Amino acid sequence: MSALSRDLDTRLPVVFTLADLKQQLPGDEQAAMALALRWLESGQVRQVAPPRPVFIRLGSGETPAEADLCLALRRAFPSLVVVGGSALWRQGISHERDAVLDCAVSEPVDRCPLPGVRLHQRPAGWLDVVSRAGGLHGHLHEVPLLSAEMAVADAARFTDVWVPDRDHLDWRTLSAERITAAQDAMNSL
């Protein structure tokens, strides 16, 4: 690693954009792009979701902290929402913890190379429908969570997210009326 690369590595935050890197190398846009490419090839950083220019630094192959993952995802995907069993566990509805963080986005996404994260594409307008139906409840590191009832309805509608077995949910805290309203909202998509 060159002295410049080491110096930039200490000045840049864990999550950064190509624009952040370009600011550290004023007037030399090609050098910034070449350095980002070298870091990608060496495994020092991962691009959150190509072609979006948001990167996260990785230390010795370890999984980044959940807060850093959430920040990186938020910067790449404005429509990001925690869904499925990930939303249920973080609200105390599920007794079973998720193995990966399941999130939904409305933006097109082919893949997400971040460890511990699975992205699910939702149709345009999904977030508006969820919001109008009151389907957001709380946050995980500033990323909105689906309400428990909306998480159940969304998982039933799209079937692409992990949810715990019925026996591992605290049904006393779920409202049948709100699940029905959430299912109606999901069916409008």
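Treat the numbers as computed from the prediction; the structure is a model and nothing was measured.

S.K.: I tried to follow the side chain of Ser94 on my own but got confused; where do I start?
M.R.: Inspection of the secondary structure assignment puts Ser94 in the loop between helix 5 (84–90) and strand 5 (101–105). Owing to a relative accessible area of 5%, Ser94 belongs among the buried residues under this scheme. Side-chain polar atoms of Ser94 contact the backbone oxygen of Glu96, separated by 2.7 Å. In this structure, Ser94 is in contact with Leu88, Trp89, Pro164, His168 and Leu169, ignoring residues within four places of it in sequence.

S.K.: In this structure, what is going on with the state of the cysteines? I would like to understand it.
M.R.: Here a disulfide denotes a covalent bond joining the sulfur atom of one cysteine to the sulfur atom of another. Throughout the structure, instances matching the rule amount to 0 disulfides. For the unlinked cysteine Cys103, the closest cysteine sulfur is that of Cys70, found at 6.3 Å. This cysteine, Cys112, is not joined by any disulfide, and Cys103 carries the nearest cysteine sulfur, 8.5 Å off. Its relative accessible area of 17% is what places Cys112 among the buried residues.

S.K.: What should I look at first to understand the nonpolar core in this one?
M.R.: What tends to happen in soluble globular proteins is that the nonpolar side chains get buried as a cluster. Formed by 49 residues in total, the largest nonpolar core has its most connected members in Val48, Leu73, Phe77, Leu119, Trp126 and Leu146. In terms of residue count, the dominant contributor to this core is helix 7 (residues 148–158) (7 residues). Among all residues touching Val48, those that are not within four sequence positions of it are Val54, Phe55, Ala72, Leu73, Ala76, Phe77, Cys112, Pro113 and Leu114. The next biggest cluster of nonpolar side chains, apart from the first, holds 11 residues, and it includes Leu12, Phe16, Leu35 and Phe55.

S.K.: It is not clear to me how the sheet that holds strand 1 (residues 15–17) should be interpreted in this structure. Could you clarify?
M.R.: On the basis of which strands lie adjacent, the open sheet formed by 3 strands has the order 1-3-2 and antiparallel pairing. Pairing within the sheet leaves two strands with one partner each, and these edge strands are strand 1 and strand 2 (45–49). Each strand axis lies, on average, 35° off the axis of its neighbour in the sheet, ignoring direction. With 3 bridges connecting them, strand 1 and strand 3 (residues 52–57) associate as antiparallel partners. Considered in strand 3, the bridge of Phe16 is made with Phe55. Along the sheet face, helix 4 (residues 66–76) touches strand 1, strand 2 and strand 3 and points at about 170° away from the line of strand 3.

Conventions and cut-offs
Residues numbered from 1 in each chain as written. Predicted model: local features only at pLDDT ≥ 70, side-chain atom pairs only at ≥ 80, totals over all residues. Heavy atoms only, no water. Helix = DSSP H or I, 4+ residues; strand = E, 2+ residues; numbered from the N terminus. Buried < 20%, exposed > 50% of the residue type's maximum accessible area, 1.4 Å probe, protein only. Polar contact = N/O pair within 3.5 Å; in protein donor to acceptor, adjacent residues only side chain to side chain. Contact = heavy atoms within 4.5 Å. Disulfide = S-S within 2.5 Å. Core = buried A, V, L, I, M, F, W, Y, C linked by side-chain atoms within 4.5 Å. Pairing = 2+ DSSP bridges. Axes fitted to C-alpha atoms, helices over the stretch in contact; angles between N-to-C directions.

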